[in-house]
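Below, each chain spelled out in residue letters.
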Amino acid sequence: MTDPKRQSPPATAAQSAQAPTPRVEFRYLDGMRGAAALAVVVFHTFLFTGLEGQAAAELPVIGWLIGYGYLGVPIFIVLSGYVLMLPLTKSPTLQFRGGVGQFFKRRAKRILPPYFAALAISLALIAFIPVMNQQGGTAWDSKIPVDVGGVVSHLLLLHDVSPDWAFQIDGPLWSVAVEWQIYFLMPLILLPLFRRFSPWIVTPALTLLLLAASLVGFAPWAHPWLVGLFAAGMFAAQLTTRPTLPRGTVGWLTAAAIGAAALLLVLSPFTQDKVWFSEIIGGAGFMALLVVLGRRTTQGASIGLFAVFESKPLRYAGLVSYSVYLIHSPLLALGNLLLLPLGLPVAAQYTLMMLVVVPVTLALCWAFFQLVERHFQNSHQTKESATLTHHPAAP
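Just so you know, these numbers come straight off a predicted model, no measurement behind them. (Residues numbered from 1 in each chain as written. Predicted model: local features only at pLDDT ≥ 70, side-chain atom pairs only at ≥ 80, totals over all residues. Heavy atoms only, no water.)

A. Local environment of the nonpolar core. The biggest cluster of nonpolar side chains holds 101 residues, and the ones touching the most others in it are Met32, Met85, Val176, Met186, Leu290 and Leu326. Broken down by element, the residue count for this core peaks at twelve residues, all from helix α9 (residues 173-196). Core analysis: the next-biggest nonpolar cluster, separate from the first, contains six residues, Ala55, Leu59, Ile66 and Val346 among them. (Core = buried A, V, L, I, M, F, W, Y, C linked by side-chain atoms within 4.5 Å. Buried < 20%, exposed > 50% of the residue type's maximum accessible area, 1.4 Å probe, protein only. Helix = DSSP H or I, 4+ residues; strand = E, 2+ residues; numbered from the N terminus.)

Rendered as structure tokens:
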């Protein structure tokens, strides 16, 4: 029993007022990130199966089912804007904790070491495995040959400036370069715009302006409209944390999220190859969904079926999603190249890719996470890792 004499006196009103507000945990965000990474893996598995275009021609139903897997990229971008903006909403002037310099330092520590390790692994696979540096008529052909410009531009994270470099070595790395550049745009351009003008205007105007620029030839391979989707994630964070919203806002945002999903589903035969349309509609719908789920969470309400993203398997997938994204592509390509000499029908090749190559690839991505990425986690990921692996976090 507790000695009454040793009990702490009740807190005064002043002390209670000074007590920190408990931090709201949006656990489903990690699960969403994990699901997006898995969707990208499944999509790329289909692209890498057999010779280039063979799976799409012979397995059209499967292609239709997973055809929107590339939407994992805009989902990552919207999530990134959302997560990075949430802490800033506590500041009336949207200031970074510790200043802009500390923001860049935290982002560099989190993003760059795993990126460079993945780049080194991809280059080693190309250099030392013969089938990886020979044209074979598969989707991997667009990643080789590797030239000096490709290597240097990847080292500088500028490979997205040229279509000749953007997809060399390890295709998905183009979006890492895009996001890295957006980190500089966030404090230099996006936040000043948010401070001066209404995000209701800034977000769609920026997205449409960059889309128009890409349609007339400005780096369409780099998907410049992703900057607008990153801003949409930032705006979603603001809408999530505002004390009140105009009446009906959450209702029409719910309708927008449902409408975007329905539009993509209905128009999938016509729009899966129109990447700009799908990414903007999908990104806008996902932005609306984040606001709806975020406000329900802050109010202590249930998020319904979306609670599946709070499950430990998906949260763990989210924890290792960056590692998965960084190195899955060359591993899938290698698996397909090793299976090709067997001369299997495309359906059998795809089955082996899904049942054998994908699990092996994910296991190697997990190993990469353990050996490299986990040493560069931020505080949230360190805590999440401790929770999911049942190890107490260090104080």
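Don't stop here, the text continues.
B. View of the packing of aromatic side chains. By the definition in use, this model includes 18 aromatic pairs. A centroid spacing of 5.7 Å and a plane angle of 45° characterise the contact between Trp200 and Trp252, whose relative ring orientation is tilted. Placement of Trp200 in helix α10 (residues 199-215) and of Trp252 in helix α12 (residues 249-266) is noted, with a sequence separation of 52 residues between them. Looking at Trp200, the relative accessible area reads 39%, which means it is partly exposed. Judged by relative accessible area, Trp252 falls into the partly exposed class, the value being 43%. (Phe/Tyr/Trp six-rings, centres within 6.5 Å; stacked < 30°, edge-to-face > 60°.)

C. Main features of the environment of Val73. Its location among the elements puts Val73 in helix α5 (residues 72-85). A relative accessible area of 9% means that Val73 is categorised as buried. Ignoring sequence-local partners within four residues, the contact set of Val73 consists of Val40, Trp174, Ser175, Leu226 and Tyr325. (Contact = heavy atoms within 4.5 Å.)

D. Fine view of the environment of Leu123. Along the polypeptide, Leu123 turns up in helix α6 (residues 100-128). The spacing of Leu123 and Ile169 is 46 residues in sequence and 6.6 Å in space, taken between C-alpha atoms. Dropping the residues within four chain positions of it, Leu123 is found in contact with Val146, Val151 and Ile169.

E. Focus on the pattern of salt bridges. Scanning the entire structure with this criterion turns up five salt bridges. Of the charged contacts in the structure, one is a salt bridge between Glu25 and Lys383, with a shortest N-O distance of 3.5 Å. Of the two residues, Glu25 is situated in the loop between α1 (13-18) and α2 (28-48) and Lys383 in helix α18 (residues 379-388); the sequence distance between them amounts to 358 residues. Glu25 sits in the partly exposed class, given a relative accessible area of 24%. Residue classification places Lys383 among the partly exposed positions, given a relative accessible area of 48%. In this structure, Glu384 engages Arg315 in a salt bridge whose closest nitrogen and oxygen atoms are separated by 2.7 Å. In this pair, Glu384 is assigned in helix α18 and Arg315 in helix α15 (residues 312-319), connecting sequence segments 69 residues apart. For Glu384, a relative accessible area of 7% corresponds to the buried category. By relative accessible area, Arg315 is classed as buried at 6%. (Salt bridge = Lys/Arg side-chain N within 4 Å of Asp/Glu carboxyl O.)

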